[in-house]
Amino acid sequence: VVRGAVRAARIIILESGPRQTVVATPAICTISSSGAWNESASNEGFQCTCSEPGVKCPLVFYSVATQAILEELSDALDFKSSQGNLVHPTKKGVLSLFYGEAGEQAERIQADFFGSAEHACFHEVKLATQSTLFLSNSVLLIPDLLTREECHALMDAAEVRIASEAFALASLETLEVDPGLQRLQVCYLSSEAQELSRSILHDRVLPFLEKQLPCVAEGLFGQASGLGDMAFSFSPKEPAVNRYEVGGEFKVHCDAYSVTVNVLLSDPGDFIGGGTAFWPQDVAGTEDVGDEMLLLRPRQGTGVLFNGSVMHSGRQVESG
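Residues numbered from 1 in each chain as written. Predicted model: local features only at pLDDT ≥ 70, side-chain atom pairs only at ≥ 80, totals over all residues. Heavy atoms only, no water.

**Some details on the packing of helix α4 (residues 191–212) against helix α5 (residues 214–221)**
Describing two packed helices takes the angle between their axes plus the distance from one axis to the other. Selection criterion: To get an axis, a line is fitted to the C-alpha atoms, and for a helix only the part in contact is used. The angle between two axes follows their N-to-C directions and goes from 0 to 180 degrees. Helix and strand assignments follow DSSP, with helices taken as H or I runs no shorter than four residues and strands as E runs no shorter than two, numbered in order from the N terminus. To sort the angles, those under 35 degrees are grouped as roughly parallel, those over 145 as roughly antiparallel, those from 65 to 115 as roughly perpendicular, and the leftovers as oblique. Contacts were defined at the residue level, with two residues in contact if any of their heavy atoms lie within 4.5 Å. Residues are sorted three ways: Asp, Glu, Lys and Arg are charged, Ala, Val, Leu, Ile, Met, Phe, Trp, Tyr, Cys and Pro are nonpolar, and all the rest, Gly among them, are polar.
At a closest axis distance of 5 Å, the pairing of α4 and α5 adopts a crossing angle of 115°. As far as their axial angle goes, α5 and α4 are roughly perpendicular. Contacts between α4 and α5 involve Leu209, Glu210, Lys211 and Gln212 from the former and Pro214, Val216, Ala217 and Phe221 from the latter. Partitioning the contact of α4 with α5 into residue classes produces five nonpolar, one polar and two charged.

Below, the structure is given as structure tokens:
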């Protein structure tokens, strides 16, 4: 599942685990730089030898939830040569590519599965082998936390604020993190935007924790109900709408609060690059953290929840 669009494809299993499995898929499942499915990926990916003499086919490697793998599915996308002919990659060729040219790198990708109601209203992505749901090395995705209309309402409120004379004068209102990034505090936006922001927490996220993750709520707050009645605080200059332009990024950091909620407001395809990068919680600090464990580019309106000890960053926007 990439930004709400589903593609079912045939796979070749390379490494199978109880929760995550590394697979090879047809190159039609390549993700473009904008974070959406690539519609013209016939020549992208790794070129693998096939059982058909003198033929190769492009493929890519992903790590997916083991439960998402089915024995058979009609209309699944198949492996094809660059000429569009049905082919059969050899297992030897696939393994050689993965452990050689690909350097054993497989991008983690969200995958839905059928036949199980467990965690049906959210997806969990683990950042390390040792993890505890939400509380340690765990990122949760809540589809459709906001509607498209609500996303646009927040963006429009931010644009109105930027265009105002008061914004130009209030230099202390924004936190200059990097060129290309403006942070607009919700408390300076319209009353409608403020009410929507309040609703996200009180009417959606906290009830989600009470209903779906009572043990997590208990671990975080010492109670599994009545969360909306608790006294709470935001980190400085939050909640906010982050407005990224070309070159805008958010450096590696931890939020150090109980719960972080991120929501992508932009329409799919309106920008290239970006995304939120994550590291395991055992990373010592923000200096020399190395390559991220996970890069998420969720669909519009998806809620991304994680605890305050998870190190993350906003990847640089290339265009849009």
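**Details of the nonpolar core**
Under the convention used in this document: Put simply, a nonpolar core is a bunch of buried Ala, Val, Leu, Ile, Met, Phe, Trp, Tyr and Cys residues held in one set by side-chain atoms that sit within 4.5 Å of each other. Type-normalised accessible area, obtained with a 1.4 Å probe on protein chains alone, sets the label of each residue: buried when under 20%, exposed when over 50%, and partly exposed for intermediate values.
Phe208 and Leu209 are the most contacted members of the largest nonpolar core, which totals 29 residues. When residues of this core are traced back to their parent elements, those giving at least two are β7 (138–142), α2 (148–163), α4 and α5. With seven residues, α4 is the single largest residue contributor to this core. In this structure phenylalanine 208 touches Cys121, Phe122, Leu140, Ile142, Leu213 and Leu305, once residues within four positions along its chain are discounted. Listed in part, the 15 residues of the second largest apolar core include Cys57, Phe61, Phe98 and Ala102.

**Description of α2**
Definition in use: One less than the residue count of a helix, multiplied by 1.5 Å, gives the span that helix is expected to have. The arc under discussion is defined with respect to the helix axis, by the directions toward the C-beta atoms.
With 16 residues, α2 ought to run about 22 Å at 1.5 Å a step, and its terminal C-alpha atoms sit 23 Å apart, in line with that. Listed in full, the buried residues belonging to α2 are Glu150, Cys151, Leu154, Met155, Ala157, Ala158 and Arg161. The buried residues of α2 occupy an angular sector of 155° when the element is viewed end-on, so they sit on one face. Away from its buried face, by an angle of more than 90 degrees, α2 presents the exposed residues Glu149, Val160 and Ala163.

**Observations regarding the environment of valine 23**
Position of valine 23 among the secondary structure elements: in strand β2 (residues 20–26). Leave out the neighbours within four places in its chain, and valine 23 touches Ile11, Ile12, Ile13, Leu14, Val60, Phe61, Tyr62, Val64 and Ile69.

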